[in-house]
Amino acid sequence: MNKGYLIVANNTSKTNYIECAEVLAKNIKKVMPESHVSVLTDKMFKSKIFDKVILLPYGDQDVTGEWKLINDWQAYEASPYEYTMKIEADVYLPQSIDFWWDVLQERDLVICTRIRNFKQEISDVRFYRRFIDDNNLPDVYNSLTYFKKSELAERFFKIVKDIFENWESYRSELKCPITEKATTDWVYAIACLILGVEKTTLKGFDSMSMIHMKQFINGTPTEDWTDKLVYEIAEDYLRINTIPQLYPFHYYVKTFHHKLNEKL
C-alpha cells in the first residue's frame, strides 16, 4: 500500500511552519516507525527528517506573503502517495493512528468532523464556527484530511482551488462580513457541500478526531493555554492537567513545538 503523511508548511513572518512540520515528522516516525512523511513547501531545503521535500507544483500563490492557506489545493497533485493523510504542521500525535488506514483506504476522501477539548470530550463550542452555522455548511476541519488518488478527490481539490481564487464571488453569496477571509476550513466546507457531505466525510468514525487547544473550547482565560494549564511531555505520553491526550493534538500556540521537540 503506497501510503504516507503530507504536511503543508510555508513560513510566514510570524510563524516558522517548517520547524513545526519537522517536529511533527519526527513525532510520526517515532510513534509509527514504518511511516513515510513528506513536506510540501514553497522553498527547497535539505532535510534528513522528511522522506521527501516537495515544492509547490504551481509555486506560492500568496501575493501578500502572509496568507499561505491559498496554496492548500496543490496538495492533491503534489502528494507522492496513492493514499495520503494531510496533517497541519502544528499538530502532535500522542500515539499511533496507523489503524486509520484500514478504515479510510476504502474511501476516496474523508475530512475530520470532530474536535475535542483537552479532557477528551467532543466539543460543542460554536464560538469559532459562526461562518459554518450561519451558512448551514458541513462542520469540517481540514487539519486532518485523508484522500486517495481518485476522480472524486481530484474534483474536490479543483473546487478548493476555484473557491480560493474566486473568493469574492463565493463570499457575495454567503452570510458573512465583506472582510471575511477564505480560511481553509471555510473553503473545505463549501467544497464538501458542493460534492456532498456523504462523499467527503465518514459518519461514525470518531477516532478521526483531534484535540483543539483554542481558548473557548478548553475554557482558558486567554488563547495561550500553555500559561494556564499544566502540561507534561514524556517520551511516551502527553498530559494536560494530568489527563493523557489520546487523539491528534492541535496545539495551536505555535511556539509549543519547541517544548515537544525537546522530547523527540
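Residues numbered from 1 in each chain as written. Predicted model: local features only at pLDDT ≥ 70, side-chain atom pairs only at ≥ 80, totals over all residues. Heavy atoms only, no water.

(A) Fine view of unusual backbone geometry. The residue Asn136 is not glycine, and still its phi comes out positive at about 50°. Looking at where Asn136 falls in the secondary structure, it is placed in the loop between helix H4 (130–134) and strand E8 (141–148). With a relative accessible area of 66%, Asn136 lands in the exposed category. (Helix = DSSP H or I, 4+ residues; strand = E, 2+ residues; numbered from the N terminus. Buried < 20%, exposed > 50% of the residue type's maximum accessible area, 1.4 Å probe, protein only.)

(B) Looking closely at helix H1 (residues 17–31). Taking 1.5 Å as the rise per residue, H1 with 15 residues should run 21 Å; its terminal C-alpha atoms sit 21 Å apart, in good agreement. Turning to H1, the residues buried within the fold contact strand E1 (3–8), strand E2 (37–41), strand E4 (83–88), strand E5 (91–92) and helix H10 (256–261). Measuring from the side-chain oxygen of the N-cap residue of H1 to the backbone nitrogen of Ile18 gives 3.3 Å; that N-cap residue is Asn16. (Expected span 1.5 Å × (residues − 1). Contact = heavy atoms within 4.5 Å. Polar contact = N/O pair within 3.5 Å; in protein donor to acceptor, adjacent residues only side chain to side chain.)

(C) Structural detail: the side chain of Arg129. Here Arg129 shows up in the loop between strand E7 (114–116) and H4. Among the residues examined, Arg129 registers a relative accessible area of 3% and is labelled buried. Side-chain polar atoms of Arg129 contact the side chain of Asp139, separated by 2.8 Å. Contact partners of Arg129, with chain neighbours within four places excluded, come to Asp139, Val140, Tyr141, Asp185 and Trp186.

(D) Spotlight on the environment of Ser38. Mapped onto the elements of the fold, Ser38 is located in strand E2. The buried category is assigned to Ser38, whose relative accessible area is 0%. Between the C-alpha atoms of Ser38 and Arg116, which are 78 residues apart in sequence, the distance is 27 Å. For Ser38, the contacting residues outside a window of four places in its chain are Tyr5, Leu6, Ile7, Phe50, Lys52, Ile54, Pro80 and Tyr81. Looking at Ser38, its side chain comes within polar contact range of the side chain of Tyr81, at 2.7 Å.

(E) Highlighting the packing of aromatic side chains. Per the stated rule, a full pass over the model turns up 22 aromatic pairs. With 5.0 Å between their ring centres and 20° between their planes, Phe131 and Trp186 make a pair best called stacked. Of this pair, Phe131 sits in helix H4 while Trp186 sits in helix H7 (residues 184–195), placing them 55 residues apart in sequence. Like Phe131, the residue Trp186 is buried in the burial classification. Ring plane angle 85° and centroid distance 5.7 Å describe the contact between Trp225 and Phe249, whose orientation is recorded as edge-to-face. Separated by 24 residues along the polypeptide, Trp225 in the loop between helix H9 (215–218) and strand E10 (231–234) and Phe249 in strand E13 (residues 249–250) bring together distant segments of the chain. A single burial state applies to Trp225 and to Phe249, both of which are buried. Here the aromatic cluster, defined as three or more aromatic residues joined through ring pairs, consists of Tyr76, Phe147, Phe156, Phe157 and Tyr188. A cation sits over an aromatic face here: Arg116 above Tyr247, 4.0 Å from the ring centre. In this structure, Arg129 is placed above the aromatic ring of Tyr141, and the distance from its NZ or CZ to the ring centre is 3.9 Å. (Phe/Tyr/Trp six-rings, centres within 6.5 Å; stacked < 30°, edge-to-face > 60°. Lys NZ or Arg CZ within 6 Å of the ring centre and 35° of its normal.)

(F) Up close: the nonpolar core. With 52 residues, the main nonpolar core has Tyr5, Met85, Leu104, Met208, Trp225 and Phe249 as its most contacted residues. If one sorts the elements of this core by residue count, H1 sits on top with seven residues. Apart from residues lying up to four places away in sequence, Met208 is in contact with Met85, Trp100, Leu104, Val110, Ile111, Cys112, Arg114, Leu144, Thr145 and Tyr146. Within the second largest apolar cluster, 28 residues are counted, among which are Leu109, Ile111, Phe131 and Ala191. (Core = buried A, V, L, I, M, F, W, Y, C linked by side-chain atoms within 4.5 Å.)

(G) Just the pattern of salt bridges, in detail. Scanning the model with the defined rule gives 17 salt bridges in all. Notably, a salt bridge pairs Lys3 with Asp98, separated by 3.9 Å at the nearest N-O pair. Of this pair, Lys3 sits in strand E1 while Asp98 sits in the loop between E5 and helix H3 (100–104); the two residues are 95 residues apart in sequence, bridging distant segments of the chain. Relative accessible area serves as the criterion here: at 25%, Lys3 is assigned to the partly exposed category. On the basis of relative accessible area, Asp98 is assigned to the partly exposed category, the value being 33%. Arg114 is paired through a salt bridge with Asp206; the nearest N and O atoms lie 3.6 Å apart. Residue Arg114 is located in strand E7, and its partner Asp206 is located in the loop between helix H8 (197–200) and strand E9 (209–212); the two are separated by 92 residues in the primary sequence. Exposure remark for Arg114: the relative accessible area of 31% places this residue in the partly exposed category. Through salt bridges with shared partners, a single network forms among Asp42, Lys43, Asp60, Asp62 and Lys68. (Salt bridge = Lys/Arg side-chain N within 4 Å of Asp/Glu carboxyl O.)

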